[in-house]
Amino acid sequence: MSSPETTPQSIEEALFEAIAEIGPDRADITREATLEDLDIDSLDLVEIAQLVQETWGVELDPQDFEGVRTVGEALDVISARVLVL
Amino acid sequence: MRRGVAITGVGAVTPLGVGAEALIDRWVAGASGIEAGLGRCARFDPRQTLTRKQLHRSDRFTQLALTAATEALAGAGWADELPYPPERIGCIVGSGVGGVETLTRQQATLQARGVDACSPLGIPMMMANAASGAIAMRYGITGPNWCVASACAAGAHAIGTAVRLVQAGEVDAIVTGGAEAGIDPLVVAAFARMRATSRTGISRPFDARRDGFVLGEGAGMLVLEEAEAARARGAEPLGRLLGYGATADAYHLTAPEPTGSGPARAMALALGEAGVDAEDVDYVNAHGTATPLNDRVETAAIKRVFGPAAAALPVSSLKSAIGHLLGASGAVEAVATVLALRRRIAPPTLNWAAAEEGLDLDYVPVRAKPLRAAAHARRAVGISNSFGFGGHNAVLCIAA
């Protein structure tokens, strides 16, 4: 079950922070930015999946991000799994 | 006639500072980079040369390598544009223990938090070939690329391997050297348990009181170019790599063969390829670890090769000033050797004060001294020795 403070906004903040730790400038990280623009590759997606598991206890497989092009789409994948609980 | 090999750029990150000039300036001045018994690169800030992404994805040894490579390529005039087709440029980098800090951190993560918490970057950060791969990616150089692993001789073997690739015509130019970031509790403990490292924390090569090496970290990089190609593009070489010799003791896991026959053969091979007589060598940059065995055997080997000429030959150890950089040491010492030869000066062996019977070469104690070549209008020639656990011996002959 997600904690009371888990909201779409809090998930977005956590994801943006995680992406910034991986490398891209914080200012470049928006919902519209593409993973390609941010130089996010499959290794980064594994790290993001780890963060999701550690933060919300939801197990994501890198394959869950298949077809995902933008940060917003990645966020939707994560939110759909986290907020449904 | 073999293709000649010109050194057109050098770079170093060492306990004496960031940059090859800091290394040679401070060593010649007799400064020490060793603090509290370790040779850390305290002034090194990888954020100066690496992007956040590179920082996130690299072990410290790769960060040291990239920083030294950046300086070497800039010095060669390669910063903006590669002077040869990328597939004609190689990169060979040595390392003794690779990304050992990443390895031990990931081991701790595994034990504390389980498989799922282990980083997907663990392998690509710890692999010993990460440094040569990262340099290639940064500059888009696509020729032969690999890592050489031969413990404390890796840096010298990497350079020797690079020389051979240039000579064979497989590349027109090559980025080569060594990198190490082994100041990790596991490595410190393991060397201490085999009594290889100094209990006093003082690096005293060739001194009667020596009690083992001081562990250090750093990186040294060189840009080598086929001599005619370098000339054709108007590069001004810092020096030339004249010869390389590599042998094995085939004797013991860690102890050198007592007569020094393996190192002596490597020195003779390097001089033979260079076409340099023993009497014409101006300087020996010793392996000089300050272990009781190495310094005795290395002295014996030098005497075997140089005969009567050994008595007047300046022999000094950079490890007295920065400690033992393991797989980076041979590369950092090659950088220091070419710069010392250019200045016509033998940098000093710090902390040397007490002679031991049989260890009677000119170890250039405490103060730098001019090379004989300084008095004559001719090139200066030196050799740089590197020997590794496992009985690996590598010697480079350099002129400037």
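Fair warning: this is a prediction, and the values are worked out from it, not measured in the lab.

**Remarks on the overall build of chain A**
Across its full length, chain A holds 3 helices and 0 strands. Listing the helices and strands of chain A from first to last along the sequence gives α-α-α. Once the C-alpha set of chain A is aligned to its principal axes, its extents read approximately 35 × 25 × 20 Å. Taking the intrachain contacts of chain A between residues at least 6 apart in sequence as the baseline, contacts between residues at least 24 apart amount to 56%.

**Notes on the overall build of chain B**
Of the regular secondary structure elements, chain B holds 13 helices and 13 strands. Against the 2.2 N^0.38 benchmark of 21 Å for 400 residues, chain B shows a C-alpha radius of gyration of 20 Å, consistent with a compact globule. Along the first, second and third principal axes, the C-alpha atoms of chain B reach 65 × 50 × 40 Å. Taking all 400 residues of chain B together, 58% fall into the buried category. Taking the contacts inside chain B whose residues are at least 6 apart along the sequence as the reference set, 80% of them involve residues at least 24 apart.

**Section: the nonpolar core**
Where a protein is soluble and globular, its nonpolar side chains tend to be buried together. By size, the foremost hydrophobic cluster in this structure holds 132 residues, and its most contacted members are Ala65, Ile174, Leu224, Val335 and Leu396 of chain B. Per-element accounting of this core gives the leading share, 9 residues, to helix H13 (residues 329-343) of chain B. Structurally, this core is a two-domain feature, drawing no fewer than three residues from each of domain 1 (5-239) and domain 2 (243-399) of chain B. For Ile174 of chain B, the contacting residues outside a window of four places in its chain are Ile89, Gly90, Cys91, Ile92, Ala162, Leu165, Val166 and Leu224 of chain B. By size, the runner-up hydrophobic cluster in this structure holds 19 residues, among which are Ile22, Ile40, Leu45 and Ile48 of chain A.

**Some points on the domain arrangement of chain B**
Residue and element names in this part refer to chain B. Split by domain assignment, chain B resolves into domain 1 (5-239) and domain 2 (243-399). Its C-alpha centre places domain 1 at a distance of 21 Å from the equivalent point of domain 2. Contacts between domain 1 and domain 2 engage 64 residues on the former and 62 residues on the latter. Contributing elements (two or more residues each) for the side of domain 1 that touches domain 2: strand S1 (5-14), helix H1 (20-28), helix H7 (154-167), strand S5 (173-180) and strand S6 (218-226). Looking at the side of domain 1 that touches domain 2, the element that brings in the most residues is H7, giving 8 residues.

**A look at the packing of H1 of chain B against H13 of chain B**
Residues and elements named next belong to chain B. The interhelical angle for the contact between H1 and H13, taken along N-to-C directions, is 65°, at an axis separation of 10 Å. As judged from the angle between their axes, H1 and H13 are roughly perpendicular. The handedness of the crossing between H1 and H13 is right-handed. Facing Ala20, Leu23, Ile24 and Trp27 of H1, the residues of H13 in contact are Val335, Ala336, Leu339 and Ala340. Partitioned by chemical class, the residues of the contact of H1 with H13 number 8 nonpolar, no polar and no charged.

Reading guide: rules and limits
Residues numbered from 1 in each chain as written. Chains lettered and ligands numbered in written order. Predicted model: local features only at pLDDT ≥ 70, side-chain atom pairs only at ≥ 80, totals over all residues. Helix = DSSP H or I, 4+ residues; strand = E, 2+ residues; numbered from the N terminus. Contact = placed C-beta atoms within 7 Å. Rg over C-alpha atoms; globule rule 2.2 N^0.38 Å. Buried ≥ 20, exposed ≤ 12 C-beta atoms within 10 Å, placed from the backbone. Core = buried A, V, L, I, M, F, W, Y, C linked by C-beta atoms within 7 Å. Domains from an automatic or database assignment. Axes fitted to C-alpha atoms, helices over the stretch in contact; angles between N-to-C directions. Parallel < 35°, antiparallel > 145°, perpendicular 65-115°, else oblique. Left-handed = near helix turned anticlockwise from the far one by under 90°. Nonpolar A, V, L, I, M, F, W, Y, C, P; charged D, E, K, R; others polar.

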